[in-house]
Amino acid sequence: MGIVEKVVKFVTRLFPLWVILCAAIAYLSPAPFKPFGTWIPWLLGVVMLGMGLTMSLHDFGLVFKRPKDVLAGVLLRYLIMPGVAFCIAKILGLSPSLAAGLILVGCCPSGTASNVMTFIAKGDTALSVTISSINTILAPIVTPFIFLYLAGTLIPIDASALFVDILKIVLAPIAIGVAINMAAGAAVKRIITFVPLISVVAIIAIITVVVALSAAKLATVAVIAFVAVVLHNALGLTLGYGASRGIGMTHRKSKAIAFEIGMENSGLAVALAIAHLDPIAAIPGAIFSVWHNFSGSLLAGYWGGRDDIG
C-alpha cells in the first residue's frame, strides 16, 4: 500500500472523529464558518462528481437481468424511510423545522456509503450499486413529491425548486462523472484513489458549516434530533432487512436492501434544507451523516464476520 492509500485510509477511517472535532470548533466559534453557507451545494456537487467517476452504464445492467430485485429495493426505499421519519416526528413531537428536516432525510436517495457497507457485509454489492443508481436518477421527481406530501402541512415547500436543485446538485455532477469515466477511464483510474479523501473532506466541511449556521439553536434541539436520527436509522436498517426477507429475498440480497434503506444521501438533505428551509432543518441530515456511517460499520462488520445463512 502506497503513502497516498495509507493517508486516504487513515482519514476516512477516522471520519466520525474529524466531524466531531470540526463540529465542536464550529459550535464554539461559528462566525468564521457562516459565510461559507453558499458553498454547501458546490461541496455536495463535488461529492456527487466523485460518485459519478466510480460509475458506468454497466451499473444499470442489473435492471434488465434482475428487475424484480431492483424494483423491490427501490419501492421499499421510498416507502419505508419517508414514512418512518414522519411517524417519528409525530411521536417525538418535533418542531416543524426539525420534523421537515428528518422527513427530508428520509425522502432523499441512498448514498454511496451503502455500497461500501454492503461490500464489507458480504452482501449483494451489484444489487446495492444498481439500486443506489436508480434511486439517485429518480430523486428529482420522487423526493420533492414525497416531501411535499408528508411535510407540506408543516412548512411551505416549493417542490419545483427542489426538483431543479436536485438536478443541479446531484444528477448533473454524476452525469459528468460517468461521462468522464466512460471517455477517459485510464486517466480516472490514476486519480480515483484521491476521490474518497476529497469526498470525506467535502462532507466534513458541509457538516461544519451547518453546525455554525445553527449554533445559536443547536443546544436546544441536539438531544431530540439525535434520538430521532438514531431511531430513523435503526428502523430503516431493521425494516429494510425484515421486509426484503419477508418477500422472499436471500440473506445476501437482504443485507444490500437493508443498507440501501437505512443509509441516506444525507448530504443532499443538508444542502436542500439550507437552500429551502430553516438552518435547523439541516441538523438531522448533519447528524445522520455521522451516525449512519457508525451504525452501518458496526452492522457490516457483524454480518461480514459471519457465514451467510441463506
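Just so it is clear, the structure is predicted and the values come from calculations on it, not from any experiment. (Residues numbered from 1 in each chain as written. Predicted model: local features only at pLDDT ≥ 70, side-chain atom pairs only at ≥ 80, totals over all residues. Heavy atoms only, no water.)

Together, V223, F226, V227, L231, L235 and L239 make up a nonpolar patch on the protein surface, roughly 490 Å² of accessible area in all. As for its placement among the helices and strands, V227 is situated in helix 12 (residues 215-246). We classify V227 as partly exposed; its relative accessible area is 34%. (Patch = residues over 30% accessible without salt bridge, like charges linked within 9 Å, V, L, I, M, F, W, Y side chains within 5 Å. Areas by Shrake-Rupley, 256 points an atom, 1.4 Å probe, with all protein chains shown as cover. Salt bridge = Lys/Arg side-chain N within 4 Å of Asp/Glu carboxyl O. Helix = DSSP H or I, 4+ residues; strand = E, 2+ residues; numbered from the N terminus. Buried < 20%, exposed > 50% of the residue type's maximum accessible area, 1.4 Å probe, protein only.)

Right, let's get into the pattern of salt bridges. Scanning the entire structure with this criterion turns up seven salt bridges. Between R66 and D69 there is a salt bridge, and its shortest N-O distance comes to 3.1 Å. Salt-bridge contacts for D165 lead to K168; the nearest nitrogen and oxygen are separated by 3.7 Å. Of this pair, D165 and K168 both sit in helix 9 (residues 159-183), three residues apart, which is roughly one turn of that helix. Overall, the relative accessible area of 14% leaves D165 in the buried class. We classify K168 as exposed; its relative accessible area is 54%. Here the salt bridges do not stand alone but share partners, grouping R66, D69, D124, R252 and K253 into one network.

On to the packing of aromatic side chains, then. The full count for this structure, using the stated rule, is five aromatic pairs. With a centroid separation of 5.7 Å and an interplanar angle of 90°, the aromatic rings of F259 and W303 are classed as edge-to-face. Of this pair, F259 sits in helix 13 (residues 251-262) while W303 sits in helix 15 (residues 283-304), placing them 44 residues apart in sequence. The buried category is assigned to F259, whose relative accessible area is 0%. According to the relative accessible area criterion, W303 is buried, its value standing at 9%. (Phe/Tyr/Trp six-rings, centres within 6.5 Å; stacked < 30°, edge-to-face > 60°.)

Next up on the list: the confidence of the model for the chain. With 98% of its residues at a pLDDT of 70 or more, the chain has an overall mean of 88. By mean pLDDT, the top-scoring element of the chain is helix 6 (residues 96-107) (95), and the lowest-scoring one is helix 1 (residues 3-13) (73). (pLDDT = per-residue confidence, 0-100.)

Bringing the nonpolar core into the picture now. Formed by 85 residues in total, the largest nonpolar core has its most connected members in L44, L104, F147, V210, L268 and L277. The biggest single contributor to this core is helix 5 (residues 67-92), with 11 residues. Not counting residues up to four positions away in its chain, the partners in contact with L268 are L44, C108, P109, I166, I169 and V170. The next biggest cluster of nonpolar side chains, apart from the first, holds 10 residues, and it includes M117, L237, F259 and W303. (Core = buried A, V, L, I, M, F, W, Y, C linked by side-chain atoms within 4.5 Å. Contact = heavy atoms within 4.5 Å.)

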